[in-house]
Amino acid sequence: MENNVPKDAPKKIDNCCTLKSNYTIDTSILKQYDQRNLIFNRIHNDASWKGYNKNTEKQGLRNITEKRRGYTRIDYALAEAAWTVHDVWTGAFNWNRFIRPGGSSLMGEKWYQDIYKVENLDVISRKLKKAAKFYGASLVGITELDRRWLFINKRNLTPLKLPNEIKSVIVMAFEMNELGIAASPTCLAAAATGLGYSMMAFTASCLSEFIRNLGYIAIPAGNDIALSIPLAIDAGLGQLGRNGLLITPEYGPRVRICKIFTNLPLVPDKPLTFGVNDFCRQCKLCAEACEVGAISMEENPSFQPACKSNNPGVLKWYVDAEKCYEFWCDNGTDCSTCIAVCPYNKRRKIPP
Ligand code: SF4
Ligand code: SF4
């Protein structure tokens, strides 16, 4: 088991390697995250920050006018359209069963109302995972809900109250298009990202409805409700990298993550360790490639946050989300360079 605890780490640490997962927490610091600090909320609520009221539009229009390679009108059309399912279908992350307009199901409205009796936890967990992949997930894992990862508020800053019966989280990862991500920071990488979000919306809504059809609660979320990466780590999907992203054995950091909170009884998966901490100590490729130095070059992880948008209390390399977002504005679209250069971002052989 890896141990990434530096010699000068605070004493009151809860080294989760031996308990539940493979990160180290300072329980005297860690708090549930307040989404007011989320970088995308600070664009509108933090006038003290350089990124206040800034977006990618100004540079994006300049890029189109100049016909920059990877930033043409066609490239922007591709990237913006990739978000369609996620952005347009706002019901995808509904907390309740969808109402089908005017008898759209031949099965009517009674058959799903009894609660399905789970007789074998292994069997239902296996079937649930098969369903997740059937609907489009690349990877799926299950964890008990650790409520420390829940936000204190929703994305719209209203208080978050998750029902007490919720005990499990199903975490899904979606592979992003490898050639698109390789073209970062152009619009082609942004298109791969947008498509990842649309796939999240599609799959999370279908799988949630599958769970509701069994009579259980299903609350789907993209980036809302809780921190996705610690939940994904708890669910055995991968480890945390220097770039602040989930590193999976299958696709490295080239995934998007969503999750479903449920009271369906399930068997949790075990966290996974495959050498990421030690590798990231030496590698630093993402930090070198980041054009604005948003990723730490320090050899060891620390408890020192890089900016107000970080959630302190976990031993890791903190990423400066302010510098990152400011680069997106200057670039004219979002960036995935720290995903593209990561050696764990395996590339399948492309047939001749
Ligand atoms: S997304 Fe781009 S700007 Fe942001 S940390 Fe990664 S490489 Fe740096
Ligand atoms: S690029 Fe290297 S240092 Fe960065 S996350 Fe990947 S393996 Fe770790």
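One structure accompanies this document, and this report is about it. (Residues numbered from 1 in each chain as written. Chains lettered and ligands numbered in written order. Predicted model: local features only at pLDDT ≥ 70, side-chain atom pairs only at ≥ 80, totals over all residues. Heavy atoms only, no water.)

Structural notes on the overall build of the protein
Stated precisely, the cut-off is as follows: Each helix is a run of DSSP H or I of at least 4 residues and each strand a run of E of at least 2, with the numbering of both proceeding from the N terminus. Put simply, the radius of gyration uses C-alpha atoms, and a globule should come to 2.2 Å times the residue count raised to 0.38. Where accessible areas are quoted, they stem from the Shrake-Rupley method and a 1.4 Å probe; at the residue level, only the protein chains shown are allowed to cover. For this count, His and the chain ends are skipped, Lys and Arg are scored as positive, and Asp and Glu as negative. Here the site of a charge means atom NZ of a Lys, CZ of an Arg, CG of an Asp or CD of a Glu.
Within the protein, the regular secondary structure consists of 12 helices and eight strands. The C-alpha radius of gyration of the protein comes to 21 Å, within 12% of the 20 Å expected for a compact globule of 352 residues. By principal-axis analysis of the C-alpha atoms, the protein measures approximately 55 × 55 × 50 Å. When the accessible area of the protein is evaluated, it comes to approximately 17,700 Å², of which 55% is carbon and sulfur surface. Of the side-chain charges in the protein, 45 are positive and 35 negative, and the distance between the mean point of each set is 2 Å.

Considerations on the packing of helix 5 (residues 121-134) against helix 7 (residues 187-213)
To be explicit about the condition: Lines are fitted to the C-alpha atoms to define the axes, a helix being fitted only along its stretch in contact, and any angle between axes, read from their N-to-C directions, falls within 0 to 180 degrees. By definition, any crossing whose near helix is turned counterclockwise from its far helix by less than a right angle is left-handed, and any crossing with a clockwise turn is right-handed. We call two residues contacting when some pair of their heavy atoms lies within 4.5 Å. Amino acid classes used here: Ala, Val, Leu, Ile, Met, Phe, Trp, Tyr, Cys and Pro are nonpolar; Asp, Glu, Lys and Arg are charged; the rest, including Gly, are polar.
Between helix 5 and helix 7, whose axes approach to 9 Å, the crossing angle comes to 145 degrees. For the crossing formed where helix 5 meets helix 7, the hand is right-handed. Here helix 5 contributes Leu128, Ala131 and Ala132 to the contact with helix 7, which in turn contributes Thr203, Leu207, Phe210 and Ile211. In terms of residue class, the contact of helix 5 with helix 7 is built from six nonpolar, one polar and no charged.

Observations concerning the pairing of strand 5 (residues 218-221)
Within a regular strand, side chains alternate between the sheet's two faces. Basically, it comes down to this: Partly exposed residues are those whose accessible area sits between 20% and 50% of the maximum for their type, while under 20% is buried and over 50% is exposed, using a 1.4 Å probe and protein chains only. The criterion for strand pairing is that DSSP finds at least two bridges linking the strands in question.
Neither face of strand 5 is left uncovered, since the one carrying Ala218 and Pro220 and the one carrying Ile219 and Ala221 both have all their residues buried. Bridge analysis of strand 5 against strand 8 (residues 255-262) gives four bridges, and the strand direction is antiparallel. Looking at the pairing, alanine 221 lines up with lysine 259 of strand 8.

Some remarks on the site of ligand 1
Note the cut-off: We call a residue near a given molecule or strand whenever any one of its heavy atoms falls within 4 Å of it.
Taken together, Cys290, Ala294, Ile295, Cys324, Phe327, Trp328, Cys335, Thr337 and Cys338 are the residues near ligand 1. At the level of elements, helix 11 (321-331) and helix 12 (337-340) are the ones that each hand at least two residues to the shell around ligand 1.

Here we look at the site of ligand 2
Lining the immediate environment of ligand 2, one finds Arg242, Asn243, Ile247, Phe279, Cys280, Cys283, Lys284, Leu285, Cys286, Cys342, Pro343 and Tyr344. Taken together, the elements giving at least two residues each to the shell around ligand 2 come down to helix 9 (276-283) and helix 10 (285-289). For the shell around ligand 2, the leading source of residues is helix 9, giving three residues. Among the residues forming the shell around ligand 2, the class breakdown is nine nonpolar, one polar and two charged.

Describing the pairing of strand 8
Burial analysis of strand 8 places eight of its eight residues in the buried class, the great majority of the element. Judged by which residues are buried, strand 8 turns out to be covered on both faces: Val255, Ile257, Lys259 and Phe261 on one side and Arg256, Cys258, Ile260 and Thr262 on the other are all buried. As paired elements, strand 4 (residues 168-175) and strand 8 share eight bridges and run antiparallel to each other. Note on strand 8: the bridge partner recorded for alanine 173 is isoleucine 257.

Some points on the pattern of salt bridges
Note the threshold: Salt bridge, as used here: a side-chain nitrogen of Lys or Arg that lies within 4 Å of a carboxyl oxygen of Asp or Glu.
Under the defined criterion, the tally for this structure stands at 10 salt bridges. Between aspartate 46 and lysine 308 there is a salt bridge; the shortest N-O distance is 3.5 Å. Placement of aspartate 46 in the loop between helix 1 (39-45) and helix 2 (57-66) and of lysine 308 in the loop between helix 10 and helix 11 is noted, with a sequence separation of 262 residues between them. A relative accessible area of 46% means that lysine 308 is categorised as partly exposed.

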